[in-house]
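Structure assessment
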Amino acid sequence: MVKQSELAVITKAKELCSYVLTISDKSPKKFRFTLTSRLQNYAIGIVEQLLFANEVRMAVKSRRLLEERLAMRRNYQQKAFTNMKMLAYLSQLAMEQQCILPKQYEQITKKLYDCQNMLGAWVKSDNRRYAGE
């Protein structure tokens, strides 16, 4: 079976998610159902929203349908951005509460920065590609 190449932002988001799941597994028990689960859920949510956005098919003939699809894609992209902001906040809080180590927080921040930049580039690309048609 031939695997299609996926968007770089999705690959980066999957790496971020995997990292969050790995480090949060070692978090103290007292945070398991609060910070740890929230960190994991937001990390998974980022991947989920990016995959949903990428699944919106833009190859349509009708301008009205294209605008609807673009709005749908933008909605998913915006939700991914919001999840990224929440993950950044929660990881900072987790570090402050000694749920994760400062080095782990730093890694999450770097991975989030890459994801945010790549998602921003995707949004700009969509705007250039579909706004002027």
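Presented here is an overview of the structure given in this document.

Analysis parameters
Residues numbered from 1 in each chain as written. Predicted model: local features only at pLDDT ≥ 70, side-chain atom pairs only at ≥ 80, totals over all residues. Heavy atoms only, no water. Helix = DSSP H or I, 4+ residues; strand = E, 2+ residues; numbered from the N terminus. Polar contact = N/O pair within 3.5 Å; in protein donor to acceptor, adjacent residues only side chain to side chain. Contact = heavy atoms within 4.5 Å. Phe/Tyr/Trp six-rings, centres within 6.5 Å; stacked < 30°, edge-to-face > 60°. Lys NZ or Arg CZ within 6 Å of the ring centre and 35° of its normal. Salt bridge = Lys/Arg side-chain N within 4 Å of Asp/Glu carboxyl O. Buried < 20%, exposed > 50% of the residue type's maximum accessible area, 1.4 Å probe, protein only. Expected span 1.5 Å × (residues − 1). Arc of directions from axis to C-beta.

The next thing to look at is the side chain of Ser24. Structurally, Ser24 can be placed in helix α1 (residues 8-24). Polar contacts involving the side chain of Ser24 include one to the side chain of Gln40, which spans 2.9 Å. When neighbours within four sequence positions are excluded, Ser24 is seen to be in contact with Thr36 and Gln40.

Quick look at the packing of aromatic side chains now. Throughout the structure, instances matching the rule amount to one aromatic pair. Taken together, a centroid distance of 5.3 Å and an interplanar angle of 45° make the contact between Phe52 and Tyr76 tilted. With Phe52 in helix α2 (residues 32-55) and Tyr76 in helix α3 (residues 63-96), the pair connects residues that are 24 residues apart, well separated along the chain. The ring centre of Tyr19 lies 5.6 Å from the NZ or CZ of Lys111, which sits over that ring.

Moving on, we come to the pattern of salt bridges. Applying the stated criterion across every chain, the model contains six salt bridges. Taking the shortest distance from any N to any O, the salt bridge between Arg63 and Glu67 comes out at 3.2 Å. With Arg63 and Glu67 both in helix α3 and four residues apart, this pair spans about one turn of that helix. Classification of Glu67 by relative accessible area gives partly exposed; the value is 44%. Among the salt bridges present, the one from Arg64 reaches Glu68, with a minimum N-O distance of 2.4 Å. Here Arg64 and its partner Glu68 are both found in helix α3, four residues apart, which amounts to about one turn of the helix. Judged by its relative accessible area of 54%, Arg64 falls in the exposed class. Since its relative accessible area comes to 39%, Glu68 is described here as partly exposed.

Taking 1.5 Å as the rise per residue, α1 with 17 residues should run 24 Å; its terminal C-alpha atoms sit 24 Å apart, in good agreement. Restricting attention to buried positions, one finds in α1 the residues Val9, Ile10, Ala13, Leu16, Cys17, Val20, Ile23 and Ser24. When α1 is viewed along its axis, its buried side chains cluster within an angular range of 160° and face the same direction. In the core, the buried residues of α1 are packed alongside α2, α3 and α4 (102-131).

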